[in-house]
Amino acid sequence: MRDKVYDVVIIGSGVGGGDVALQLAGSGARVLILERGPVLPREPQNWDAESVFVDLRYRSNETWTNGDRRFRPGQYYYVGGHTKFYGAAMFRFRERDFDAIELEDGVSPAWPIKYAELAPYYDEAERLFGVRGTAGLDPTEPPRSVPYPHAAIPHEPVIAELAERFSAQGLHPFPMPAAVDFGPGGRCQRCGTCDAFPCRVDAKGDAEMCLVRPALLQPNVELRSEVMVERLITDDSGRRIVAAEVIEGGVRRRVQGDLFVLSAGAINSAALLQRSATARLPKGLANSSDVVGRHFMAHNCTGLMALHPFRRNDTQFPKTLSINDYYFGDADDGGKGPPLGNLQLLGKLREPMLRGAMPAWMPRVVSKAMAAHSVDWYVMSEDLPHRDSTVRINADGSIDLRWHRTNMNAHRRWVRKASTILKKAGYPIVLTKPFEIDAPSHQCGTVRFGDDPATSALDPWCKAWDHDNLYVVDAGFFPSSAAVNPALTIAAQALRVGRHLRTEVLK
């Protein structure tokens, strides 16, 4: 019996793939979502820091290389993708983020689309994810035609006091936009284990809950989980993708389709395109420009623990506050100088989360006391695309990831400035810990889109220049990283592409 031929095969069930699937739900097109991971189980360990951060219960067992070094990356393969573990921060890119911006180490390139083209899809994405926020307080906020769909999550007492102390310094703190089902009738219980944990009660606005499940309510959308896509197969001309070669239940087979949407994440999408190389296409698919697997970005990020030895922090859900006063320059120097970035709260650190970051000789009672008295922050700066920041395939099929760090001087200044802000706010001790290559949660840039097929892999609709029926819709299409979390921008572009497929390509 001949296998079914799908109209659209979507590889990956995260924000990109989920949004495209939802746009095509009810269209009549036969849509198949392929996900390499299972549905994440709802179980007591979801909220157990020891299980999540020490036992690494949910992290992938795969190992990557960084040259001669092997490491186990912070990768999570489940229906819903990395959003099962994200902190639910849902920022729009700033309007200027779509233009070329001069940074200390070079130019952050312009996008082939402008903010105005994504604005209605940002509106839609905020509605789908149930984003909580307050418009008009962020000094860098882009124009918007509608308010947030839900009121901001209120600060708990320690965070409310910090917001007042920041305002007293002349800063403009604002409620951090968050995709959490909080409020009357909402599922959120302020459990204290949200950021970097899976949600046991489905209160986090992740791609499974907000996109994939609603899409599957329509009879034309099908999901097959625990299916590993090994490579894409082209016709003899190399112009069209005709099938995905997969391993399902230990059996290698082909899934046929008329149109393919690759949404496996910036690193794995680039790897899959390279793994699909043929004699006709020796550099891999979509790669006549030689940019696939280049220009990897992941933001320059540092964690800060602001400590007060005599003040406990019993906040359960702290991710309600952010500062963008230094996003485009130094607010203490009239806005002059290069951009610095965003400051936002992390989820509350717990003792098991600190154990791996502390010196081995430190007693557990000390790290437990530190966690009880800290307010925890995430300092983020833009990472410039660099040609030598690469995703490549090793001989054994594993991924080799190289990251040429950029803009680090500005980031270090931002970390020092953020530390000063926190000390002025009443926290005399500030400890810092940079995020390194093994935590690629904001990965982007490896299959960039643009206006010129000589310098980009994708056109402004995320269609591969080299192929008639291949789209790449995840953060791989980003030509720059900006300095805020990428999830909402992936969602907005995926909704835009999905609408285009439904109304123009599949009609």
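Residues numbered from 1 in each chain as written. Predicted model: local features only at pLDDT ≥ 70, side-chain atom pairs only at ≥ 80, totals over all residues. Heavy atoms only, no water.

### Regarding the layout of surface pockets
By volume, the second largest pocket is sized at about 210 Å³. Contributing to the lining of the second largest pocket are 15 residues, with F129, D181, R187, G205 and C210 lying nearest its centre. Looking at the lining of the second largest pocket, the elements that each hand over two or more residues are α3 (115-129) and α5 (207-216). Looking at the lining of the second largest pocket, its residues break down into 7 nonpolar, 3 polar and 5 charged. (1 Å grid on protein atoms, 1.4 Å probe; cavity = no way out; pocket = protein on both sides within 12 Å on 5 of 7 lines; lining within 4 Å. Points joined across faces, edges and corners; volume = space filled by probe spheres on them. Helix = DSSP H or I, 4+ residues; strand = E, 2+ residues; numbered from the N terminus. Nonpolar A, V, L, I, M, F, W, Y, C, P; charged D, E, K, R; others polar.)

### Thoughts on the sheet that holds strand β11 (residues 300-307)
One open sheet holds the 5 strands; their spatial order is β12-β13-β14-β11-β17, and the pairing between them is antiparallel. Taken across any chain shown, the strands that pair with only one partner, and hence form the sheet edges, are β12 (322-323) and β17 (429-434). Of the pairings in the sheet, the one linking β11 to β17 comprises 6 bridges and is antiparallel in character. Across the sheet, the residue bridging to L307 is I429, located in β17. (Pairing = 2+ DSSP bridges.)

### Topic: the environment of A215
Assignment of secondary structure puts A215 in helix α5. Each C-alpha atom, one on A215 and one on A25, is 5.3 Å from the other, the two residues being 190 residues apart in sequence. Dropping the residues within four chain positions of it, A215 is found in contact with A21, L22, A25 and V221. (Contact = heavy atoms within 4.5 Å.)

### A word on the nonpolar core
Among the nonpolar cores identified, the biggest contains 112 residues, and F129, L232, V261, L273 and L458 are the most heavily contacted of them. Of all the elements, helix α10 (residues 487-505) adds the most residues to this core, at 9 residues. Residues in contact with F129, not counting those within four places in the same chain, are V15, D19, Y86, M90, A179, G205, D206, A207, C210, L211 and A491. Counting 26 residues, the second-largest nonpolar core is a separate cluster that includes L304, L321, W414 and A418. (Core = buried A, V, L, I, M, F, W, Y, C linked by side-chain atoms within 4.5 Å. Buried < 20%, exposed > 50% of the residue type's maximum accessible area, 1.4 Å probe, protein only.)

### Things to note about the packing of aromatic side chains
A full pass over the atoms with the stated rule returns 23 aromatic pairs. Here the aromatic rings of Y58 and Y78 are separated by 6.3 Å at their centres, their planes lie at 70°, and the arrangement is edge-to-face. Taken as a pair, Y58 in the loop between α2 (49-54) and β3 (64-66) and Y78 in the loop between β4 (69-71) and β5 (101-103) lie far apart in primary sequence, 20 residues in all. On the accessibility criterion, Y58 (4% relative accessible area) is buried. With relative accessibility at 9%, the residue Y78 sits in the buried group. Stacked on the ring of F328, the Lys or Arg R96 has its end atom at 4.1 Å from the ring centre. One cation-aromatic arrangement involves R144 over Y148; the distance from NZ or CZ to the ring centre is 4.0 Å. (Phe/Tyr/Trp six-rings, centres within 6.5 Å; stacked < 30°, edge-to-face > 60°. Lys NZ or Arg CZ within 6 Å of the ring centre and 35° of its normal.)

### Quick word on empty space enclosed by the protein
A complete count under the given rule lists 4 cavities of 30 Å³ or more for this structure. Taken as a whole, the largest cavity encloses approximately 120 Å³ of empty space. If you go around the largest cavity, you meet 17 residues; those closest to its centre are C188, C191, C194, C199 and A203. By residue class, the composition of the lining of the largest cavity is 11 nonpolar, 4 polar and 2 charged. If you add up the space inside the second largest cavity, you get close to 80 Å³. Contributing to the lining of the second largest cavity are 13 residues, with R94, D138, E141, Y148 and P177 lying nearest its centre.

### Details of the packing of helix α1 (residues 15-24) against α3
Helix packing for two helices is described by the angle between their axes and how far apart those axes are. For the pair α1 and α3, interaxial distance at closest approach is 13 Å and the crossing angle is 95°. Here α3 runs roughly perpendicular to α1, going by the angle between their axes. For the pair formed by α1 and α3, the contact residues are V15, D19, L22 and Q23 on the first element and E124, L128 and F129 on the second. Residues that form the contact of α1 with α3 fall into these classes: 4 nonpolar, 1 polar and 2 charged. (Axes fitted to C-alpha atoms, helices over the stretch in contact; angles between N-to-C directions. Parallel < 35°, antiparallel > 145°, perpendicular 65-115°, else oblique.)

### Considerations on the pattern of salt bridges
Tallied over the entire structure, the rule returns 38 salt bridges. Close ionic contact of E124 with R499 constitutes a salt bridge, the shortest N to O distance being 3.4 Å. One end of the pair, E124, is in helix α3; the other, R499, is in helix α10, with 375 residues separating them in the sequence. The shortest N-O distance in the salt bridge between E248 and R253 comes to 3.3 Å. (Salt bridge = Lys/Arg side-chain N within 4 Å of Asp/Glu carboxyl O.)

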